[in-house]
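Coordinate inspection notes
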Amino acid sequence: MAIVELRFSALPEHVRTARLVAAAVARRAGVDEAVLDEVRLAVGEACSRAVGLHVLHGIESPVRVALIEEEKKFSIEVGDGTSAAATTDGPDASSPAPASSSDDEAEGDMGLAVISGLVDDVEVTADDNGGLIRMSWPVTPEPVLP
Amino acid sequence: MDLSLSTRTVGDRTIVEVGGEIDVYTAPKLREQLVELVNDGSYHLVVDMEGVDFLDSTGLGVLVGGLKRVRAHEGSLRLVCNQERILKIFRITGLTKVFPIHGSVDEAVAATD
């Protein structure tokens, strides 16, 4: 198993960097060229959503991306710091939402819709460290030369 | 790559030519452009996406927002797109039913319903 980790401040301009790095590592890991566009889009969606959540909750910790190369699959984990914010700030319902938040959250939901439409193997979980989206793609084994 | 935007008028239609990547960073520029056009009275928009390399849900959100704005003035928002990887995003989100998507700017300009 080989891993590449990326941590970036929750700024929209860094999401593109995460996409480029994820696509480069996925290509190296043997993910099919035809699927790389999906990898790029899915990781971008997950990172955009994480950035949005960090901004919404004023979370200063960075967004975490782990690119994990295993024997038969390539996985991407995108972690945000939301559950920590939820415990300190209380649930969203307790305070009136800012005017733009419904649009922002609608976009976040659309991001998840895109991810679940694109990726067959996807898990959305949350623990004490925050929310985590884990996505996996099969890798094509390198051809064995005679 | 950044986002490039240019506009031109053909008859009563305003063509917005978009190039580059529409994502969480660049989408606000597209939103501003669409809002500005509607505020200036352009209610029939054709967004030409042939030069777009990347589109994510933030971009979709902006396009839906644009559609809402022009519809409030009984206008229209048509898309021009032939790229399979971009069309796929509209399909998986069901937005092919929401946006008229055309193969060329000429076709979009000629369309009436």
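Here the structure is a predicted model, which means the values were calculated and not measured. (Residues numbered from 1 in each chain as written. Chains lettered and ligands numbered in written order. Predicted model: local features only at pLDDT ≥ 70, side-chain atom pairs only at ≥ 80, totals over all residues.)

**Points about the sheet that holds strand β4 (residues 76-80) of chain B**
All names here are of chain B. Read across the open sheet, the five strands follow the order β1-β2-β3-β4-β5; overall the sheet is mixed. At either margin of the open sheet sits one strand with a lone partner, and together these are β1 (3-10) and β5 (101-102). Sheet topology places strand β2 (residues 13-22) next to strand β3 (residues 44-55); eight bridges connect them, and they run parallel. Looking across to β3, one finds that V16 is bridged to V47. (Pairing = 2+ DSSP bridges. Helix = DSSP H or I, 4+ residues; strand = E, 2+ residues; numbered from the N terminus.)

**Some details on the environment of H44 of chain B**
All names here are of chain B. One can find H44 in strand β3. For the pair H44 and Q83, spaced 39 residues apart in the sequence, the C-alpha separation amounts to 23 Å. Those residues within four positions of H44 in sequence are excluded, and the remaining contacts are D12, R13, T14, G75 and S76. (Contact = placed C-beta atoms within 7 Å.)

**What about the pairing of strand β4 (residues 121-127) of chain A?**
Residue and element names in this part refer to chain A. By the criterion of burial, β4 is predominantly exposed, with just zero of the seven residues buried. Note that β4 and strand β5 (residues 130-138) share seven bridges and pair antiparallel. Bridging from a neighbouring strand, E123 pairs with R134 of β5. Between β4 and β5, which pair antiparallel one after the other, the connecting turn spans two residues. (Buried ≥ 20, exposed ≤ 12 C-beta atoms within 10 Å, placed from the backbone.)

**A word on the confidence of the model for chain A**
Residues of chain A with pLDDT of at least 70 account for 80%, and the chain-wide mean is 85. A low-confidence stretch, residues 89-101 of chain A stays under pLDDT 50, and its non-local contacts, those more than four residues away or across chains, total five contacts. (pLDDT = per-residue confidence, 0-100.)

**Details of the nonpolar core**
Ranked by size, the top nonpolar core spans 64 residues in total, and within it A22, A42, V43, C47 and V78 of chain A together with V47 of chain B carry the most contacts. Among the elements that line this core, the one with the most residues is helix α2 (residues 33-57) of chain A, at nine residues. With near-sequence residues (within four places) excluded, V43 of chain A lies in contact with A18, R19, A22, I76 and V78 of chain A. (Core = buried A, V, L, I, M, F, W, Y, C linked by C-beta atoms within 7 Å.)

**Quick word on helix α1 (residues 27-39) of chain B**
Residues and elements named next belong to chain B. When the terminal C-alpha atoms of α1 are compared, their 18 Å separation across 13 residues agrees well with the 18 Å that a helix rising 1.5 Å per residue should span. Inspection of α1 places A27, L30, Q33, L34, L37 and V38 among the buried residues, and these make up the whole buried set. Down the axis of α1, the buried side of the element spans an arc of 130°, and every buried residue falls inside it. Of the exposed residues in α1, those oriented more than 90 degrees away from the buried face are E32, E36 and N39. Where the residues of α1 are buried, they touch β1, β2, β3 and α2 (57-71). Of the residues flanking the end of α1, it is G41, one or two places downstream, whose phi is positive at about 95°. (Expected span 1.5 Å × (residues − 1). Arc of directions from axis to C-beta.)

**Observations regarding the pairing of β1 of chain B**
Two faces belong to every sheet, and in a regular strand the side chains alternate between them. By the bridge criterion, eight bridges tie β1 of chain B to β2 of chain B in an arrangement that is antiparallel. Bridge pairing in β2 of chain B places L5 of chain B opposite V18 of chain B.

**Overview of the interface of chain B and chain A**
Listed per partner, the contact involves 13 residues of chain B and 19 residues of chain A. For the side of chain B that touches chain A, the elements supplying multiple residues, two or more each, are α2 and α3 (84-92) of chain B. At four residues, the largest contribution of residues to the side of chain B that touches chain A is made by α2 of chain B. Each residue belonging to the side of chain B that touches chain A can be placed in one class, and the counts come to five nonpolar, four polar and four charged. (Nonpolar A, V, L, I, M, F, W, Y, C, P; charged D, E, K, R; others polar.)

**Section: the packing of helix α1 (residues 13-29) of chain A against α2 of chain A**
Each packed pair of helices is defined by two parameters, the angle between the axes and the distance between the axes. Residue and element names in this part refer to chain A. Here α1 crosses α2 at 145°, and the two axes come no closer than 9 Å. Relative to α2, the crossing made by α1 is right-handed. Of the residues in α2, those in contact with V15, A18, R19, A22, A23, A26 and R27 of α1 are L36, V39, R40, V43, G44, C47, S48 and V51. When the residues that make up the contact of α1 with α2 are grouped by side-chain class, the tally is 10 nonpolar, two polar and three charged. (Axes fitted to C-alpha atoms, helices over the stretch in contact; angles between N-to-C directions. Left-handed = near helix turned anticlockwise from the far one by under 90°.)

**Looking at unusual backbone geometry**
Residue and element names in this part refer to chain B. Phi at E74 is positive, roughly 55°, even though this residue is not glycine. Looking at the element boundaries, E74 is found in the loop between α2 and β4. We classify E74 as exposed; it has 8 C-beta atoms within 10 Å.

**Considering the UniProt feature "domain: STAS" (unreviewed entry) in chain B**
UniProt marks residues 3-112 of chain B with the feature "domain: STAS" (unreviewed entry), using the numbering shown here. Each end of residues 3-112 of chain B is marked by a C-alpha atom, and these two atoms are 29 Å apart; helix forms 39% of the span and strand 34%. (UniProt positions renumbered as here; feature names shortened; annotations may be inferred.)

**Some details on the environment of C47 of chain A**
Residue and element names in this part refer to chain A. For C47, the location among the structural elements is in helix α2. For C47, a count of 32 C-beta atoms within 10 Å translates into the label buried. The spacing of C47 and M110 is 63 residues in sequence and 13 Å in space, taken between C-alpha atoms. Non-local contacts of C47, meaning those with residues more than four positions away in its chain, are made with V15, A18, V63, V65 and V78.

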